[in-house]
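Structural characterization, general
If you want the building blocks of each chain, they are given just below.
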Amino acid sequence: MKAFFYVQHLLGIGHLKRAAILARAISSAGFEVTLASGGTRIEMPIEGFRFVQLPPAAAADMTFKTLVDGDGKPVTEEWKRRRTAALLEAWRNARAQVLITELFPFGRRQMRFELLPLLEAASSSAPKPLIVSSVRDIIQAKPDREGEMLGWFERYFDHVLVHGDPHVGLFPHATRLGDRLHYTGYVVDDPPQTGGDAGRGEVIVSAGGGAVGARLLETAIRA
């Protein structure tokens, strides 16, 4: 069995880190995995899966309204066409029975120019692959776009995997998705083996993989 995993990180690297951990886990379960990343090129260990770097894109700022290319310039329609073609070629080459999109359709709306063609290509394949959305534990509720998100889900997706605990944060669309919604628990890498009193009395403050966590860290230091 083969799986194709799409991920796009725009500011930090948290989404890519989580996707890579999942890709390794899926690989260890017996799948041949292709991980296609559309974010800034990051040096990271690639073990157990095939890595495809798409022409990189990032968010210009925290508003996420403007996409920039690898040179920091706003993306053009021609760039979008090249990027879509590269993604579709990677999908065809993978010949996968499972397609996983990270966050979409419950986020990454700005990438719909390439994701909707990808989903159309997958849905029209024979046999049709299993199509799954992989979502972090907490996402921002957007009532004005709920219909659009659920419309895309109903049209293309079979399941959504929420990487969290329903007792901590309930997925905003849980009541609408029924038995197609699955909580997986949190995604963590294998922890290092430590012993003794390492870390005793210390406080760990993490900004995750975000590139905008400086204020959180500075506030924690002052506290």
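Summarised in this report is the structure supplied together with it.

Each value, and the rule that gives it
- Sequence order sets the numbering: in each chain, residues are counted from 1 along the sequence as written.
- Totals for whole chains, interfaces and linings use all residues, but because this is a predicted model, local features are given only for residues with pLDDT of at least 70 and pairs of side-chain atoms are given and counted only at 80 or more.
- By convention in this description, side-chain values take in all heavy atoms of the structure and omit both hydrogens and water.
- Two aromatic rings, drawn from Phe, Tyr or Trp (for Trp, its six-membered ring), form a pair once their centres lie within 6.5 Å of each other, and the interplanar angle then sorts them: stacked below 30 degrees, edge-to-face above 60, tilted otherwise.
- Two conditions define a charge located above a ring, namely a distance within 6 Å from the ring centre to NZ of Lys or CZ of Arg, and an angle within 35 degrees of the ring normal.
- DSSP bridges decide pairing: two strands pair if at least two such bridges lie between them.
- Each helix corresponds to a stretch of at least 4 residues labelled H or I by DSSP, and each strand to a stretch of at least 2 residues labelled E; elements are numbered beginning at the N terminus.
- To obtain each axis, a line is fitted to C-alpha atoms, and for helices this fit is confined to the stretch in contact; angles are then taken between N-to-C directions over 0 to 180 degrees.
- When an angle is under 35 degrees it counts as roughly parallel; over 145 it counts as roughly antiparallel; between 65 and 115 it counts as roughly perpendicular; any other value is oblique.
- When checking whether two residues touch, look at their non-hydrogen atoms; a contact exists if any pair is within 4.5 Å.
- The residue classification treats Ala, Val, Leu, Ile, Met, Phe, Trp, Tyr, Cys and Pro as nonpolar and Asp, Glu, Lys and Arg as charged. All others, Gly included, are polar.
- Three labels apply to residues, based on accessible area from a 1.4 Å probe with only protein chains included: buried if under 20% of the type maximum, exposed if over 50%, partly exposed otherwise in between.
- When the strands point away from the viewer, a crossover counts as right-handed if the path from the first strand over the helix to the second runs clockwise.
- Working rule for helices: expected span equals 1.5 Å times residues minus one.
- Comment: arc refers to directions from the helix axis out to C-beta atoms.

Evaluated as defined, the whole model comprises five aromatic pairs. These aromatic residues form a ring-pair network of at least three members: Phe106, Phe153 and Phe157. Directly above the aromatic system of Phe113 lies the positively charged group of Lys80, at a separation of 5.3 Å from the ring centroid.

Attention now goes to the sheet that holds strand 6 (residues 98-102). Ordered by their spatial adjacency, seven strands build an open sheet running 3-2-1-6-7-8-9, and the pairing between neighbours is parallel. Each having just a single partner strand, strand 3 (50-53) and strand 9 (181-183) make up the two edges of the open sheet. Adjacent strand axes in the sheet meet at a mean angle of 20°, parallel and antiparallel pairs treated alike. Examined bridge by bridge, strand 6 and strand 7 (residues 130-136) share five bridges and lie parallel to one another. In the strand pairing of strand 7, Val98 is matched with Leu130.

This part takes up the packing of helix 3 (residues 112-123) against helix 4 (residues 146-156). For the pair helix 3 and helix 4, interaxial distance at closest approach is 10 Å and the crossing angle is 25°. As far as their axial angle goes, helix 4 and helix 3 are roughly parallel. Here helix 3 contributes Arg112, Leu116, Leu119, Glu120 and Ser123 to the contact with helix 4, which in turn contributes Trp152, Arg155 and Tyr156. Among the residues forming the contact of helix 3 with helix 4, the class breakdown is four nonpolar, one polar and three charged.

In this section: the pairing of strand 6. Where burial is concerned, most of strand 6 is hidden: five out of the five residues are buried. Here strand 6 shows no split at all, with Val98, Ile100 and Glu102 on one side and Leu99 and Thr101 on the other all buried. As judged from the four bridges shared by strand 1 (residues 2-7) and strand 6, these two strands associate in the parallel manner. Across the sheet, Phe4 pairs through a bridge with Leu99, a residue of strand 6. On the question of chirality, the crossover connecting strand 6 to the parallel strand 7 by way of helix 3 is right-handed.

Within strand 1, five of the six residues are buried, which leaves it mostly tucked inside the rest of the structure. Handedness of the strand 1-helix 1 (residues 14-28)-strand 2 (residues 32-37) crossover: right-handed.

What follows is about helix 2 (residues 77-94). Compared with the 26 Å implied by 1.5 Å per residue over 18 residues, the 26 Å span of helix 2 between its first and last C-alpha is a close match. Considered for burial, the residues of helix 2 that qualify are Trp79, Arg83, Thr84, Leu87, Leu88, Ala90, Trp91 and Ala94. Within helix 2, the buried residues cover an arc of 165° as seen down the axis, which keeps them to one side. Opposite the buried face of helix 2, by more than 90 degrees, sit the exposed residues Arg81 and Arg92. Buried residues in helix 2 make contact with strand 1, strand 2, strand 3, strand 6 and helix 3.

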